[in-house]
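In case you want the letters, here they are:
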Amino acid sequence: MISAEENEIYVRVGPGTPAGELLRRYWHPVAPAQELTDEQPTRFVRILCEDLILFKDKSGRVGLIADHCAHRGASLLYGRVEERGIACAYHGWLYDPAGNCLECPAEPAGSMFHLTVKHRAYPVQKFIGLYWAYLGPPPAPVIPRFDVWSRKDGRRRIAVHPRVDCNWFQTMENAVDPAHLPILHQELAGGRERIVTGSGGFVNQVDHTDLTVCDYGIMKKRVYKSGLIDEHPMIFPTITRVNNSSEIRVPIDDTHTMNYEPFFYPTPDGSEVDDDDPVVVYLPNFKEPAGGMHPYARFRWDMVSSQDTCAWETQGPIADRTRYRLASSDRGIIMLREMLKENIERVQQGLDPRGVIRDPDHEVIDTNLTNGLEYMKQRGSAQLDYEKAISRY
Ligand code: FES
Ligand SMILES: [Fe+2]
C-alpha cells in the first residue's frame, strides 16, 4: 500500500507535476498524419492536460500551438491557414508554426506590436504515419528508432484505439503484469490446451515469469511448461511491446489516455519496402454509448484490447493505489513505480531520463521484435498476414 501523496506522483501529468515533467522529455504521437488535409487543416489535440491545435499551413509546414489565441482567447481550431501560418478567425492574428506572431491586422499600419507576442508552440515531426510532438524544454531529443518502427524489411499498420477513459499509469502497470494474460485473455490468447477453469485460465501452463530491467525499460518474460517463451518489453515510460506491435500510450490528461498501436509485418522474403505512410485503422469503440463516461457493461469481449481497456477503466478514472493489495505476481508494478520515481528525480536534477536519445544516427534499437515474430510463427498466428490485417476494419 502507498500513501495518497505517492499516488499523486504517478498519476498527475499536467505542467509542473513530477510525472508531467518527466513525460515532457519524450516525443508522443498526437494524431494520424492523414487527419490533416487541405479541407481539414486544423485538429484539436489535448495532451498532458494542454489544449493545443495541430495545423498544416499552405506551405506544408505543421505546427502545434496553444488552442486559445494570445489576443482574447478564441480557439485557433477555427483559424484560417495561410502560406505563413494560421490566422485567428476573430481578429486575424497570424501565427507561424513556431508560435511567432507575424501580424495583428487591426493595429495601425506600421505597428510593431505583433513582435511583442509569442504564442506557446511545440515542435512536430511526422514519423510512421503519425504526427509526434515534444512538449519539453529544448533541445528536443530524437524519436528513438525502435525496431518495430524502423525495420525496413516489412510494412506497418497503425491501429488507433478508442480513447481510454482512465489515467495513463493504469495502462502502464498492465504492461509489466505478466500474470493477467492467461486469465484476462484466456479465450483469445489461449488455445494451447483446453482451459479447465475460467478463474485461472491457462495459468497452469506457465512455468514461471521473469522481469528484468533493460536499457529502455523492463523486459517481461513468460516461460511455458511446453518450452515456449514469450518476451514482451515495456519501453519506459509509455510503450508496451507485444509480439509484432507496440502500443504507445499518450496521456491526454489525468483521466484519459490515447493508445496508438503500430504493427510490423515482415515481408516473406526479407525484402525492403517503402513504408512512409502506413495504413491507419480505427478500432471500434469498446463500450456503448461510444462516448459514455461510465466504463462498465456492454464491452466487446472479442478483442484483447477491449479486455485490457475494461480492466484499466474499471479500476476507476484514477486508481486508488492506497487500497491495492499487491501480491507476489505484482513485482513488475513495484519495479515500474521505482523506475518512474528514479527518473522523475533525474529530471529534477536536470539529467535526461531513461530512454531519451539525442544522437540522430543511433543504431536501430532491438526491442526483441525478432523474438516476437518467432513466437507468433511458432504459434501459427494468422496475425502476421498484412493483407488480412488491413482488411479487418
Ligand atoms: S482573439 Fe484571436 S485575434 Fe482576437
Ligand atoms: Fe493484456
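Residues numbered from 1 in each chain as written. Chains lettered and ligands numbered in written order. Predicted model: local features only at pLDDT ≥ 70, side-chain atom pairs only at ≥ 80, totals over all residues. Heavy atoms only, no water.

A short note on the sheet that holds strand β2 (residues 42-47)
In step 1: If you walk across this open sheet you meet the 4 strands as β2-β3-β4-β9, and the pairing is antiparallel. Of all strands in the sheet, those bounded by a partner on one side alone are β2 and β9 (121-122).
In step 2: In this structure, strand β4 (residues 62-66) lies alongside β9, joined through 2 bridges in antiparallel fashion. By the bridge assignment, Ile65 is partnered in β9 with Ala121. (Pairing = 2+ DSSP bridges. Helix = DSSP H or I, 4+ residues; strand = E, 2+ residues; numbered from the N terminus.)

Brief notes about helix α9 (residues 369-378)
In step 1: Along α9, the positions that sit buried rather than exposed are Leu369, Gly372, Leu373, Tyr375 and Met376. Each buried residue of α9 sits inside an arc of 160° when the element is viewed along its axis, so together they form one side. Among the exposed residues of α9, those oriented more than 90 degrees off its buried face are Thr370, Lys377 and Gln378.
In step 2: Looking one or two residues past α9, Gly380 carries a phi angle of roughly 65°, positive in sign. (Buried < 20%, exposed > 50% of the residue type's maximum accessible area, 1.4 Å probe, protein only. Arc of directions from axis to C-beta.)

A short note on the packing of aromatic side chains
In step 1: Scanning all chains against the criterion turns up 12 aromatic pairs.
In step 2: An angle of 20° between the planes, with centres 5.2 Å apart, marks the rings of Tyr10 and Phe169 as stacked. On the criterion of sequence distance, the pair formed by Tyr10 in helix α1 (residues 4-11) and Phe169 in helix α4 (residues 168-175) is long-range, its members being 159 residues apart.
In step 3: Judged by its relative accessible area of 0%, Tyr10 falls in the buried class.
In step 4: Measuring from centroid to centroid gives 6.4 Å for Tyr26 and Phe236, while their planes differ by 75°, and the two rings are edge-to-face. (Phe/Tyr/Trp six-rings, centres within 6.5 Å; stacked < 30°, edge-to-face > 60°.)

Section: the packing of α4 against helix α8 (residues 331-348)
Any two packed helices are characterised by how steeply their axes cross, that is the angle between the axes, and by the distance between the axes.
In step 1: At their nearest, the axes of α4 and α8 sit 9 Å apart, and the two run at 125° to each other. On the basis of the axis angle, α4 is oblique to α8. Where α4 crosses over α8, the handedness of that crossing is right-handed. Across the interface between the two elements, Trp168, Phe169, Met172 and Glu173 of α4 pack against Ile333, Leu336, Arg337 and Leu340 of α8.
In step 2: Considered class by class, the residues forming the contact of α4 with α8 number 6 nonpolar, no polar and 2 charged. (Axes fitted to C-alpha atoms, helices over the stretch in contact; angles between N-to-C directions. Parallel < 35°, antiparallel > 145°, perpendicular 65-115°, else oblique. Left-handed = near helix turned anticlockwise from the far one by under 90°. Contact = heavy atoms within 4.5 Å. Nonpolar A, V, L, I, M, F, W, Y, C, P; charged D, E, K, R; others polar.)

Here we look at the domain arrangement of the protein
In step 1: Domain boundaries in the protein define domain 1 (36-134) and domain 2 (147-391).
In step 2: Here domain 1 and domain 2 have C-alpha centroids that lie 34 Å from each other.
In step 3: The interface of domain 1 with domain 2 comprises 10 residues on the first partner and 15 residues on the second.
In step 4: Together domain 1 and domain 2 conceal approximately 1100 Å² of surface at their shared face, both sides included; 67% is due to carbon and sulfur atoms.
In step 5: Of all residues in domain 1, Arg46, Ile128 and Leu130 bury the most surface against domain 2, accounting for 44% of the area lost on that side.
In step 6: Inspection of the region where domain 1 meets domain 2 yields 2 salt bridges.
In step 7: Between Lys126 and Asp277 there is a salt bridge; the shortest N-O distance is 2.9 Å. (Domains from an automatic or database assignment. Buried area = accessible area lost by both parts, 1.4 Å probe. Salt bridge = Lys/Arg side-chain N within 4 Å of Asp/Glu carboxyl O.)

Some details on the sheet that holds strand β16 (residues 239-242)
In step 1: Here we have 8 strands laid out as an open sheet, ordered β13-β14-β15-β16-β17-β18-β12-β19, and mixed in their pairing. Whereas interior strands pair on both sides, the edge strands pair on one side only; in this sheet they are β13 (206-214) and β19 (279-282). In this sheet, neighbouring strand axes are inclined to one another by 20° on average, regardless of whether the strands run parallel or antiparallel.
In step 2: Looking at chain direction, strand β15 (residues 229-235) and β16 are connected through 2 bridges and run antiparallel. What sits directly across from Ile235, in β16, is Ile239.

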